[in-house]
Amino acid sequence: MKKTLLILFTLFLNLHALNISHSQIKNASTVLLKINEENIRDVKLTFDKQNINFNENPFENNSFYALLPISYYQNLGDNRIIISYIKDSKKIFKGLALKIIDGKYKSEVINVKPSIFKPDKAKEARVKKEYQEAMEVYNSISPKIYWNEEFIYPINSAITSDFGTKRVYNGQLKSYHGGTDFKAKDNTPILASNSGIVRISANRFYAGNSIVIDHGHGVYSCYFHLNKMNFKVGDFINKGEVIGLSGSTGRITGPHLHFTFRINGIQVDPLQAIEVLNKLKAF
C-alpha cells in the first residue's frame, strides 16, 4: 500500500512539474509547454518532425518553456509529444498526448489582375528569392528574448479576413490566408506588437512594404502592405512604437494591414499566438 501511494505521489509531482497549455488544439495554432524542475539541463521536445529546445523562462526561477507551433497542414488526430532532459547525469523522458483537430477555416474568392495572379518569369524569380530570404530569417532562432511585457494587436480595428481562410484566386484554390487582415485606411499608424529587432524592412512582390520583428526565441511578428516603413533592418523597436503606415502595396485588392506570426519557422494564427504568449508569465 505504501509503495502504491509513493508511486502515485511521484506521478503527481511529475505532472505538476510539466504543464501544457492545450491537450487539444486546432491546426495552425501554438502550444505552450512549461517545466518547473531544479538542476536540469538540455530540455528538449520532439513532435512529429520538429525538434525544439526549451528556453529558460525569464519570468520564473527554475522554469523552462517551449513554444510548439502546429502546421496548418499537420495530420489531424492523436499525437505524442516527447520531452527529454538531463538530471543527475541521467536522461529523463516524459510523454504528453496532444490531439490536433480541424480548424474548420472558411473559404473566400479573390479576383486580381492576371499579371499579379500569375507573375512573369522575372517576377517569379523575384518571388522565389524573397521567399528564400524570408525563410532564412524565420528559421533563425535568437537565443535572447527581447520582450518582457504582454503582446498587443498592431491596430484597434475590425478584422476583414480571418487567419486560415482558404484563398481561391481567379477561380483556383491556391493557398490559405496566412495572417489576419485588419481594416485600415491608407496611412493609418501601425504599432509594434512587442519589442524586438527588425529583421526585414523591404518592398516585396506579394507582401509589399514589409516589416518583420524578431522578438527572440523563434518568435516573429510580420506587418505587410505598408505605405511607409519607419525602421530599417537591425533597428531595435519598442512595444507600441509606430513601425509605419498602412497602405496598399503588394498583391492586394484594397488598403489594409496583413498581420501574421512565425514561430520556429512555422506560420501560425497570430491572434491565438498572442493569447498563448501572454500566458507565459501566469502559466
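This text goes with the structure placed above it.
Read on for a plain summary of the structure. Because the structure is a prediction, the values reported are computed rather than measured. (Residues numbered from 1 in each chain as written. Predicted model: local features only at pLDDT ≥ 70, side-chain atom pairs only at ≥ 80, totals over all residues. Heavy atoms only, no water.)

Notes on the sheet that holds strand 2 (residues 24-26)
Pairing is mixed in the open sheet, where 5 strands are placed in the order 2-9-8-4-5. Bordering the open sheet on either side are strand 2 and strand 5 (50-53), each of which pairs with just one other strand. Between one strand axis and the next, the sheet turns by 30° as a mean value, whatever way the strands run. Where strand 4 (residues 40-47) and strand 8 (residues 77-87) come together, 5 bridges link them in antiparallel fashion. Within strand 8, the residue paired with Thr46 across the bridge is Ile82. (Pairing = 2+ DSSP bridges. Helix = DSSP H or I, 4+ residues; strand = E, 2+ residues; numbered from the N terminus. Axes fitted to C-alpha atoms, helices over the stretch in contact; angles between N-to-C directions.)

Here we look at the pairing of strand 9 (residues 90-101)
By the bridge criterion, 3 bridges tie strand 2 to strand 9 in an arrangement that is parallel. Paired with Lys26 across the two strands is Ile101, which belongs to strand 9. Relative to strand 9, strand 8 is paired through 11 bridges, and the arrangement is antiparallel. Looking across to strand 9, one finds that Ile86 is bridged to Lys91.

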